[in-house]
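Residues per chain are reported as follows:
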Amino acid sequence: MQKNQSLSRPSYPAQIPPVSFAEACSILAAQSAAILAAHTFKTQSHTLAQALGRVLAAPLFADRDQPPFPRVTRDGFAVRAEDLANGTPLRIVYQLRAGEPWLSERSPLGPGEAIEIMTGACLPPGANAVLMVEHVQQVSGTERNGDAHRTQQQRFILPQIGRSLNAGENVVPQGSEARQGDRLLEPGKRLGPEQIALAAACGFSSLAVGIQPKVAILATGDELVEPSASKENSGTDVSKQGSPIPSHQIYNSNSYALAALVHQAGGIPLRQRPALDRLDDLAACIRRGLKSAPLLLLTGGVSMGKFDFVKDVLVGMGAEFFFSGVRMQPGKPVTFGRVPASKGRPERYFFGLPGNPVSAMVTFRVFVQTLLAALAGERHWQPRTALAKLATAIHSKPGLTRFLAAHQDSSQPTPTVSPIQTQGSGDLAANARANCYVVVPDGCTVLEADQIVQVLPH
Ligand code: AMP
Ligand code: MG
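What you see is a predicted model, and the numbers here were worked out from it, not measured in a lab.

Peer 1: I keep staring at the side chain of Gln195 and nothing clicks. Help me out?
Peer 2: Relative to the elements of secondary structure, Gln195 occurs in helix α4 (residues 193-201). Using a relative accessible area of 15% as the deciding quantity, one classes Gln195 as buried. At 2.8 Å, the side chain of Gln195 and the backbone nitrogen of Gly192 are in polar contact. If we ignore the near neighbours within four places in the chain, the residues touching Gln195 are Leu185, Lys189 and Arg190.

Next up, the structure:
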């Protein structure tokens with residue numbers, strides 16, 4: 001039966017030449033830009049706690065000036081900066097705490113006066129700067145009060161000798177961070193702790209965020225078995241217990257790897273059961289995946305093997321291929337395209353990722369994530385890359401962009417990165433010991449030890 005199927009393969013244009021890694025990235029960027037240009041947010045309202053990691057769906061406006069009053073940034077004394085030039089003591093006339101209003105019946109701070117003030121308080125009228133408490137000496141003294149015979153105990157500050165103060169020092173002017181009505185965040189912004197903090201500072205308890213894109217995940221391969229429900233890792237060595245599956249079969253790890261990556265990238269993974277390497281089963285599973293989500297991730301079955309039917313099935317569905325094969329390692333067979341709308345279902349994007357587990361994960365990180373960000377409505381998404389000093393030289397062959405499993409040590413001021421021993425694109429054990437990939441650019445034959453290189457963190 002499988003032989004017949006291979007004879008009746010639809011005419012997939014198998015010889016589309018692979019593109020360079022840079023070309024593949026620009027194809028992704030163009031498709032993502034087109035998705036974003038047409039994107040309209042379907043929104044949900046989420047509390048600030050739930051909104052973390054989601055994409056903002058509506059602009060965030062400043063409810064009032066930020067800061068809403070001239071905010072004192074040091075514990076000390078509100079003064080007129082020019083009063084320090086005299087070197088004379090300044091009389092403490094009030095104390096003002098954070099959160100305490102300035103009573104309107106009080107007269108503004110006058111010459112020779114100081115107000116003891118706390119960080120976070122509102123600079124009182126008449127004052128134009130704050131002298132830090134560390135920079136003064138506090139003294140007590142008596143002062144004549146009106147008639148010459150009555151005196152009153154008073155507190156004074158004596159600024160340190162030579163200490164000068166500029167107007168505005170230790171005060172953030174009202175509205176200097178934002179003006180009431182300013183657009184502080186634009187739709188399409190992925191919300192991290194910093195953006196949540198800003199929303200809270202503006203008094204919002206909930207935010208409109210976009211719906212998370214669903215991603216259908218379909219592993220393919222006759223050799224795949226789902227990780228067994230009865231096998232629970234409790235930290236004991238189970239090697240003596242014997243395997244519950246025959247040695248020629250393997251567990252489907254890709255679906256779980258991709259589900260984790262989708263989740264981490266802010267999507268909702270929909271894992272399907274793995275498809276068999278048969279045209280009929282594969283077609284049924286692909287149809288189901290296309291129905292359920294705007295993006296379908298396939299793994300395996302996209303290379304040159306006799307039973308690699310993924311592209312054939314997609315061709316049969318009228319798919320358009322943006323690229324099929326990229327000059328990279330691992331990940332060379334990776335395929336990206338779109339299936340046209342059919343029977344009420346809109347057009348769908350798909351990736352045919354390589355079956356090799358490390359290849360599937362690398363191609364997700366460098367390609368799928370870009371598209372997923374666009375489907376979520378996230379603007380200005382960028383891959384998270386870093387720079388590190390290479391611990392040992394790497395020799396490579398030109399014509400390929402390579403991603404080598406490596407370990408980055410960031411405990412020193414200049415992070416260093418060391419490639420790790422690996423058996424290649426199937427070596428999940430090595431990949432799990434690593435914490436990044438070293439990127440070897442196309443055309444580079446050697447990266448020298450101590451050279452600063454690009455790193456793609458896990
Ligand atoms: P393929 O791309 O289908 O030729 O598969 C390449 C390699 O990846 C083979 O060794 C497969 O057994 C392995 N592989 C394919 N799919 C998976 C999967 N879902 N989980 C783990 N390994 C896989
Ligand atoms: Mg296969």
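Having seen the model, we can carry on.
Peer 1: Is there a simple way to explain the sheet that holds strand β21 (residues 335-339) in this structure?
Peer 2: Taking strand neighbours across the sheet as the criterion, the 6 strands line up as β17-β14-β18-β22-β21-β19 in an open arrangement whose pairing is mixed. Pairing within the sheet leaves two strands with one partner each, and these edge strands are β17 (268-271) and β19 (320-324). In this sheet, adjacent strand axes meet at a mean angle of 20° when their direction is disregarded. Relative to β17, strand β14 (residues 214-219) runs parallel, the two sharing 4 bridges. Bridge pairing links Ile217 to Arg271 in β17.

Peer 1: I keep staring at the pairing of strand β6 (residues 90-96) and nothing clicks. Help me out?
Peer 2: Along a regular strand, successive side chains alternate from one face of the sheet to the other. In the sheet, β6 pairs with strand β10 (residues 151-159) via 2 bridges, with the strands oriented antiparallel. Across the sheet, residue Arg91 finds its bridge partner in β10, namely Phe156.

Peer 1: What is the right way to look at the pattern of salt bridges in this model?
Peer 2: Between side chains of opposite charge, pairing is possible as soon as their charged atoms come close. Going through the model one piece at a time under the given rule, you end up with 13 salt bridges. Arg179 serves as the salt-bridge partner of Asp65, at 3.9 Å between the closest nitrogen and oxygen. Pair noted here: Asp65 is in the loop between β3 (60-61) and β4 (71-72) and Arg179 is in the loop between β11 (171-172) and β12 (183-185), with a separation of 114 residues, a long-range link. A salt bridge links Asp83 to Arg80; the shortest N-O distance between them is 3.2 Å. For the residue pair Asp83 and Arg80, the accessibility class agrees, reading buried in each case. Overlapping salt bridges bring together Arg80, Glu82 and Asp83 as one network.

Peer 1: Just checking my understanding: could you explain the packing of helix α5 (residues 254-264) against helix α8 (residues 357-375) for this structure?
Peer 2: How two helices sit against one another is set out by the angle between their axes and by the gap between those axes. Closest axis-to-axis distance for the α5/α8 pair is 10 Å, and the angle between their directions is 30°. In terms of orientation, α5 lies roughly parallel with respect to α8. Note that α5 runs across α8; the crossing there is right-handed. Counted together, Asn254, Ala257, Leu258, Leu261, Val262 and Gln264 of α5 and Pro357, Ala360, Met361, Phe364, Arg365 and Leu372 of α8 form the full contact between these two elements. For the contact of α5 with α8, the class distribution of residues is 9 nonpolar, 2 polar and 1 charged.

Analysis parameters
Residues numbered from 1 in each chain as written. Chains lettered and ligands numbered in written order. Predicted model: local features only at pLDDT ≥ 70, side-chain atom pairs only at ≥ 80, totals over all residues. Heavy atoms only, no water. Helix = DSSP H or I, 4+ residues; strand = E, 2+ residues; numbered from the N terminus. Buried < 20%, exposed > 50% of the residue type's maximum accessible area, 1.4 Å probe, protein only. Polar contact = N/O pair within 3.5 Å; in protein donor to acceptor, adjacent residues only side chain to side chain. Contact = heavy atoms within 4.5 Å. Pairing = 2+ DSSP bridges. Axes fitted to C-alpha atoms, helices over the stretch in contact; angles between N-to-C directions. Salt bridge = Lys/Arg side-chain N within 4 Å of Asp/Glu carboxyl O. Parallel < 35°, antiparallel > 145°, perpendicular 65-115°, else oblique. Left-handed = near helix turned anticlockwise from the far one by under 90°. Nonpolar A, V, L, I, M, F, W, Y, C, P; charged D, E, K, R; others polar.

By themselves, these figures tell us nothing about what the structure is for.
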